[in-house]
Amino acid sequence: MDPATSTSAQALARWHAVVESRDPAGLPDLLAEDAVFRSPAVHTPQVGRETVVGYLTAAFTVLGPGLVYEREWLGDDSAVLQFRTQVGGLDVSGVDMITWDADGQIVDFTVMVRPAKALQVVIEHMGAELLRMLEAAGS
């Protein structure tokens, strides 16, 4: 295994450990300062570690304990993870596309969700969770 693939494999293992723990406190250490989050639930890329932590924390809550990664493809600096879960009683399928820098920190995290009906439910639940988080933070 070349060094780049090894870094990617280590970074992926760190991601899986945080997801399995269901504890978003581990997210900041995984993300580069200028990390970008792209989601079908928001129309523009969300930039910056703190912002990405917020969106991923909401996703942990919304996609919840039912989230299971079924397949993964690993590249030199990236991975594609196919997942399934349930949200609002609907089956949700999707992929997380993650890119790391040379230090193994996430620089880009893109989510895609299907089918359209499930995407709509995810958007509704993500919006409600982000609003709840803002209100809890006193913003």
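Residues numbered from 1 in each chain as written. Predicted model: local features only at pLDDT ≥ 70, side-chain atom pairs only at ≥ 80, totals over all residues. Heavy atoms only, no water.

Novice: Explanation requested: empty space enclosed by the protein in the structure shown.
Specialist: Which parts of space are left empty comes out when a probe the size of a water molecule is rolled across the atoms. Summed over the entire model, instances satisfying the criterion amount to one cavity of 30 Å³ or more. Within this model, the largest cavity holds a volume of roughly 230 Å³. Lining of the largest cavity is provided by 20 residues; of these, Ala-59, Phe-60, Leu-63, Asp-96 and Val-111 occupy positions nearest its centre. Mapped by element, the contributors of at least two residues to the lining of the largest cavity are helix H1 (3-21), helix H3 (49-63), strand S6 (106-114) and helix H4 (116-136). At four residues, the largest contribution of residues to the lining of the largest cavity is made by H3. Among the residues forming the lining of the largest cavity, the class breakdown is 16 nonpolar, two polar and two charged. (1 Å grid on protein atoms, 1.4 Å probe; cavity = no way out; pocket = protein on both sides within 12 Å on 5 of 7 lines; lining within 4 Å. Points joined across faces, edges and corners; volume = space filled by probe spheres on them. Helix = DSSP H or I, 4+ residues; strand = E, 2+ residues; numbered from the N terminus. Nonpolar A, V, L, I, M, F, W, Y, C, P; charged D, E, K, R; others polar.)

Novice: Can you walk me through the nonpolar core in this structure?
Specialist: One recurring pattern in soluble globular proteins: nonpolar side chains tend to sit buried together. Core analysis: the biggest nonpolar cluster contains 39 residues, and Trp-15, Leu-27, Leu-56, Phe-83, Ile-106 and Phe-109 have the highest contact counts within it. Looking at this core, the elements with two or more residues in it are H1, helix H2 (27-30), strand S1 (31-38), H3, strand S4 (78-87), strand S5 (90-100), S6 and H4. Residue contributions to this core peak at nine residues, all from H3. (Core = buried A, V, L, I, M, F, W, Y, C linked by side-chain atoms within 4.5 Å. Buried < 20%, exposed > 50% of the residue type's maximum accessible area, 1.4 Å probe, protein only.)

Novice: Could you clarify how one ought to interpret the confidence of the model for the protein chain in this entry?
Specialist: Detailed reading of the predicted coordinates is not advisable wherever pLDDT is low. Per-residue pLDDT for the protein chain has a mean of 92; in total, 96% of the residues score no lower than 70. For the protein chain, per-element mean pLDDT is lowest for H1, which scores 87, and highest for S1, which scores 98. (pLDDT = per-residue confidence, 0-100.)

Novice: Help me out: how do you make sense of the packing of H3 against H4 in this one?
Specialist: For any two helices packed against each other, the geometry is given by the interaxial angle and the distance between the axes. Where H3 meets H4, the closest approach of the two axes is 9 Å, and the angle between their N-to-C directions is 120 degrees. In terms of orientation, H3 and H4 fall into the oblique class. For the element pair H3 and H4, the recorded crossing hand is right-handed. Contacts from Gly-54, Tyr-55, Thr-57, Ala-58, Ala-59, Thr-61, Val-62 and Leu-63 in H3 reach Val-122, His-125, Met-126, Glu-129, Leu-130 and Met-133 in H4. Looking at the contact of H3 with H4, its residues break down into nine nonpolar, four polar and one charged. (Axes fitted to C-alpha atoms, helices over the stretch in contact; angles between N-to-C directions. Parallel < 35°, antiparallel > 145°, perpendicular 65-115°, else oblique. Left-handed = near helix turned anticlockwise from the far one by under 90°. Contact = heavy atoms within 4.5 Å.)

Novice: Is there a simple way to explain the environment of Leu-90 in this structure?
Specialist: Within the secondary structure layout, Leu-90 lies in strand S5. Owing to a relative accessible area of 24%, Leu-90 belongs among the partly exposed residues under this scheme. Taking the C-alpha atoms as reference, Leu-90 lies 9.5 Å from Val-122; in sequence the two are 32 residues apart.

Novice: Honestly, the layout of surface pockets in this entry has me stumped. Any pointers?
Specialist: For the largest pocket, the calculated volume is near 170 Å³. Forming the boundary of the largest pocket are Thr-51, Gly-54, Tyr-55, Leu-130, Met-133, Leu-134 and Ala-137. Of all elements in the fold, only H3 and H4 reach the threshold of two or more residues within the lining of the largest pocket. When grouped by side-chain class, the residues that make up the lining of the largest pocket number five nonpolar, two polar and no charged.

Novice: It is not clear to me how the packing of aromatic side chains should be interpreted in this structure. Could you clarify?
Specialist: Two aromatic rings are characterised by how far apart their centres lie and by the angle between their planes. By the definition in use, this model includes five aromatic pairs. Each member of the aromatic cluster is reached from another via a ring pair, and the members are Trp-15, Phe-37, Tyr-55, Phe-60 and Phe-109. (Phe/Tyr/Trp six-rings, centres within 6.5 Å; stacked < 30°, edge-to-face > 60°.)

Novice: Can you walk me through H3 in this structure?
Specialist: One full turn of an α-helix is made of 3.6 residues, so residues set three or four places apart face in the same direction. The end-to-end C-alpha distance of H3, which contains 15 residues, comes to 20 Å, matching closely the 21 Å that a straight helix rising 1.5 Å per residue would cover. Across the 15 residues of H3, eleven count as buried, placing the element largely inside the fold. Among the residues of H3, those classed as buried are Val-52, Val-53, Gly-54, Tyr-55, Leu-56, Thr-57, Ala-58, Ala-59, Phe-60, Val-62 and Leu-63. (Expected span 1.5 Å × (residues − 1).)

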